Structure formats: C-alpha cells, structure tokens
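Okay, here's what each chain looks like letter by letter:
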Amino acid sequence: MVDVDAPVPRLVERTGPHAGRVHHLVHGAHVLGRERGVSVALDGPDVSRQHARIEVAGSSVQLADLDSKNGVVVDGQVIDHVVDLNHGARIEIGGVELELQHPLGNLDRVLREAGEVTVTHRRARDATPAKARRGLLVPALSLVLFGAAVLALWWFG
C-alpha cells in the first residue's frame, strides 16, 4: 500500500536481505551502493561500492548509473544515461530490486501530460514578506517627519 501523504519520494527494497526496508529521499543527491557512508546502503552480491545516484529536485527524481560493474536496470531496461523515474518504477541494482514510491511526482507528471499548469507548494515563512516590510519603511519615515514638522510649527508658530 502506498502512503499518498508522504511528503518525499522513497525507495522500498522489494528483494534482498532487507526486503521491505524504506529509504526516504529528501531533496538533493543520494548515492546507492554498499560502501560505508552512502545515502542508500544496499546488501546484494553484485552491488558496487558506489553503484548509482538518485537526484531529487522538487517533484523530479532522476537516476544515473555510476559506471558500476553490473549496471542498473529500470523497468526491465538497462540504462546508460540519466533517466527520469516515475512513481512505481522498478530499479534493479546488483541483485536488489527497489520500487520508487512518489505519488506527488506521479500527479505532477499526469498534470503536465494533460496540459495543466502544475502548482508548486511552498511553506509560508512569514505572513509579511521581507520585501513588503522594506516597502513600508519609506511611508513610515515620511509620516514621522511630517508629524515632527507639524509639531515644530505648532510649538514655534
């Protein structure tokens, strides 16, 4: 079952010694392999130390083989260049099969194919943007100077 509320894409190991394990893919680059310190550590008989790289940017997920000895297979096809991954993509790396779960990316793809404009959701940082706050500085200073001038005329005049 796919959790459609998942905010980030994730890889689920379908085969191998850790079948069922989930790897969350936050924004940025992720190296897959068996070397210590990689983002997605895989245990398989033919997994290279640094086998492949996944790049997550917005709703886009791309995969590239890092010149591994045994290659990378996506949906039954050996890849030799950077490929875009869609929700449900099956990835085989050194005897380990993974599935990409990314319902939001799938929705984005479907909307693009239908000719719809895709809306990017951004987290609100502040109710008043910095540019708007800077735009209020000149009117506020003008009001203070006007008030000082009126007070000076009243006082001395």
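Given the structure is predicted, the values throughout are model-derived calculations rather than measurements.

Considering the sheet that holds strand 2 (residues 22-24)
- On the basis of which strands lie adjacent, the open sheet formed by six strands has the order 2-1-11-10-7-8 and antiparallel pairing. Looking at which strands have only one partner, the edges of the open sheet turn out to be strand 2 and strand 8 (77-78).
- Examined bridge by bridge, strand 7 (residues 72-74) and strand 10 (residues 90-93) share three bridges and lie antiparallel to one another. Bridging from a neighbouring strand, Val73 pairs with Glu92 of strand 10.

With respect to the environment of Asn70
- Tracing the backbone through its elements, the reader meets Asn70 in the loop between strand 6 (60-65) and strand 7.
- Asn70 sits 22 residues away from Ser48 along the chain, and the two C-alpha atoms are 7.8 Å apart.
- When neighbours within four sequence positions are excluded, Asn70 is seen to be in contact with Asp46 and His51.
- A polar side-chain atom of Asn70 sits 3.0 Å from the main-chain carbonyl oxygen of Asp46.

Regarding the nonpolar core
- If you look at the biggest cluster of nonpolar residues, it comprises 22 residues, and the most contacted ones within it are Ile54, Leu63, Leu85, Ile91 and Ile93.
- Look past the residues within four positions of Leu85 in its chain and what remains in contact with it is Ile54, Val61, Leu63, Val74, Ile91 and Leu100.

Notes on the pairing of strand 5 (residues 52-57)
- Side-chain alternation along strand 5 places Ala52, Ile54 and Val56 on a buried face and Arg53, Glu55 and Ala57 on a face that remains uncovered.
- Bridging between strand 3 (residues 28-33) and strand 5 involves five bridges; their strand directions are antiparallel. Directly across from His30, in strand 5, lies its bridge partner Ile54.
- For strand 5 and strand 6, the ladder comprises six bridges, and the chain directions are antiparallel. Bridge pairing in strand 6 links Ala52 to Asp65.

Structural notes on the environment of Val56
- By secondary structure assignment, the location of Val56 is in strand 5.
- Look at Val56 and you get buried, because its relative accessible area is 2%.
- Taking C-alpha positions, Val56 is 6.8 Å from Val26, a pair spaced 30 residues apart along the chain.
- Sequence-distant contacts of Val56, defined by excluding residues within four places in its chain, comprise Pro9, Leu25, Val26, His27, Gly28, His30 and Val61.

A look at unusual backbone geometry
- Look at Asp67: it is not a glycine, yet its phi comes out positive at around 55°.
- Tracing the sequence through the fold places Asp67 in the loop between strand 6 and strand 7.
- Assessed through its relative accessible area of 77%, Asp67 is described here as exposed.
- Phi angles above zero are rare outside glycine, and Asp75 is one such case at about 50°.
- By the element assignment, Asp75 lies in the loop between strand 7 and strand 8.

Considerations on the pattern of salt bridges
- Overall, the coordinates contain four salt bridges when judged by the stated rule.
- Across the pair Glu99 and Arg14 runs a salt bridge whose closest N-O atoms are separated by 2.7 Å. Here the residue Glu99 occupies a position in strand 11 (residues 96-101), and Arg14 occupies one in the loop between strand 1 (10-13) and strand 2, the gap between them amounting to 85 residues.
- Judged by its relative accessible area of 35%, Arg14 falls in the partly exposed class.
- The salt bridge involving Glu97 is made with Arg90; its shortest N-O contact spans 2.7 Å.
- Judged by its relative accessible area of 22%, Glu97 falls in the partly exposed class.
- Each of the salt bridges in this network shares a partner with another, and the network as a whole consists of Arg14, Arg90, Glu97 and Glu99.

Thresholds, definitions, all that
- Residues numbered from 1 in each chain as written.
- Predicted model: local features only at pLDDT ≥ 70, side-chain atom pairs only at ≥ 80, totals over all residues.
- Heavy atoms only, no water.
- Pairing = 2+ DSSP bridges.
- Helix = DSSP H or I, 4+ residues; strand = E, 2+ residues; numbered from the N terminus.
- Contact = heavy atoms within 4.5 Å.
- Polar contact = N/O pair within 3.5 Å; in protein donor to acceptor, adjacent residues only side chain to side chain.
- Core = buried A, V, L, I, M, F, W, Y, C linked by side-chain atoms within 4.5 Å.
- Buried < 20%, exposed > 50% of the residue type's maximum accessible area, 1.4 Å probe, protein only.
- Salt bridge = Lys/Arg side-chain N within 4 Å of Asp/Glu carboxyl O.

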